Amino acid sequence: MAVGVARPDVSPPQTGSSRRTALAVLGGLAAVAVVVRVADPERIAWLQNFLIVFGGLLVEATPFILLGAFVSAAIEVFVPTSTFAKLGRLPRPLQLPAAALAGMAFPVCECGSVPVARRLVRKGMAPSAAITFMLAAPILNPVVVASTFIAYRGRDSLWIMVLGRLGLGFLVAVAVGWVIGATRKQDLLKTRPGEDDANPEAGENDSRWAGFVSHLSSDFFFMGRFLVLGAAIAGAVQTFVPQTIVGRVANLPVLSLLAMMGLAFLMSLCSESDAFVAASFTQFGPAAQLAFLVSGPMIDLKLGALYAGTFSKGFVRAVVVTVVAVTLAGTLWLQVVFG
């Protein structure tokens, strides 16, 4: 006797919250535009500096948020769930390194990798592997490797910086994945109103494209509001915290590393352009610059907002502690060996 197989529901997720988010983001940007028009930032130095940093971060990161949302929606709608079961069949010691190396194939920065990792978890990938991928991709992808090479070409520390960033970034991402361990999907991800685990892969073509567009807009506006918040905080910090404080610790062995990690956290740069900024801090040695380049794409102010809106409460603490500890240990070793 033939048994009918029900197709999964392919209706797109509810869009009410996405519309409210879009209106909130647009309203906030409109308010900023009004303030700029009335206040005339050219006459107010701190306001001008804030708007430069805030606007620069938005312009720099928004295309990558959109790219990440595009990839995330494509994974949700068009990639079969069985695809991600292949990683789970690897021996456990190989799962996290394989997930980190997979980041080399995705030219997305840290903002774009967050929605992709979230979607990978929802599609069935082990949370530890998805987080490893999320942290490794912004450092190991070919665009970042090329930008690091260009930023340091002609210097004696060229290969220390390029290979050191690749190697240490790989180790830190795997270490965080190991710390996440056997965390379950429902314990890692925050839920969104109207979101379910329906898989649209078996639906009709029109429904799949409608689902793709809906997931794309939902992810983009969900991440966009946290990007705006993170960019505003980063702009305020860079405006009101004196940057000259950092230069005083450049020659202190351990504090110089922590200072550069703190600077990367505050500046919230994109991983595809941060090498040029790190290379400009010539008063710091290669180890301190490497600490900047490894920790920045994993923990910074804008990412803190994205993480807080995407993952559970203890996730941010676990990532920050692990990234700082492993990066500090790795760069200290480099400092001892190379000076």
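Residues numbered from 1 in each chain as written. Predicted model: local features only at pLDDT ≥ 70, side-chain atom pairs only at ≥ 80, totals over all residues. Heavy atoms only, no water.

**Q** I would appreciate a short explanation of the overall build of the protein in the present structure.
**A** Helix and strand counts for the protein stand at 16 helices and zero strands. Burial status across the protein gives 48% buried among its 339 residues. A sequence separation of at least 24 residues applies to 84% of the contacts in the protein between residues at least 6 apart. (Helix = DSSP H or I, 4+ residues; strand = E, 2+ residues; numbered from the N terminus. Buried < 20%, exposed > 50% of the residue type's maximum accessible area, 1.4 Å probe, protein only. Contact = heavy atoms within 4.5 Å.)

**Q** Which parts of the structure should I look at to understand a nonpolar patch on the surface?
**A** On the surface, Phe-149, Ile-150, Trp-159, Leu-163 and Phe-276 cluster together into a nonpolar patch covering about 510 Å² of accessible area. Where the nonpolar patch is concerned, the elements lending two or more residues are α7 (142–152) and α8 (158–180). Looking at where Trp-159 falls in the secondary structure, it is placed in helix α8. (Patch = residues over 30% accessible without salt bridge, like charges linked within 9 Å, V, L, I, M, F, W, Y side chains within 5 Å. Areas by Shrake-Rupley, 256 points an atom, 1.4 Å probe, with all protein chains shown as cover. Salt bridge = Lys/Arg side-chain N within 4 Å of Asp/Glu carboxyl O.)

**Q** Would you explain the confidence of the model for the protein in this entry?
**A** A low pLDDT means the predicted coordinates there should not be read in detail. In this model, the protein carries an average pLDDT of 77, and 73% of its residues clear a pLDDT of 70 or more. Low pLDDT, under 50, characterises residues 1–15; the predicted model gives this stretch 16 contacts beyond four residues in sequence or across chains. Confidence over residues 197–203 falls short of pLDDT 50; this stretch has 22 contacts with residues more than four positions distant or in other chains. (pLDDT = per-residue confidence, 0-100.)

**Q** Just checking my understanding: could you explain the pattern of salt bridges for this structure?
**A** Pairing between side chains of opposite charge can happen when the charged atoms of each approach one another. Evaluation of the coordinates by the stated rule reveals four salt bridges. Salt-bridge contacts for Glu-110 lead to Lys-302; the nearest nitrogen and oxygen are separated by 3.0 Å. One end of the pair, Glu-110, is in helix α5 (residues 110–122); the other, Lys-302, is in helix α15 (residues 301–310), with 192 residues separating them in the sequence. Put simply, Asp-274 and Arg-165 hold a salt bridge, and the shortest N to O gap is 2.9 Å. Of this pair, Asp-274 sits in helix α13 (residues 274–280) while Arg-165 is found in helix α8, placing the two residues 109 residues apart along the sequence. Linked through salt bridges whose partners overlap, the residues forming this network are Glu-110, Asp-300 and Lys-302.

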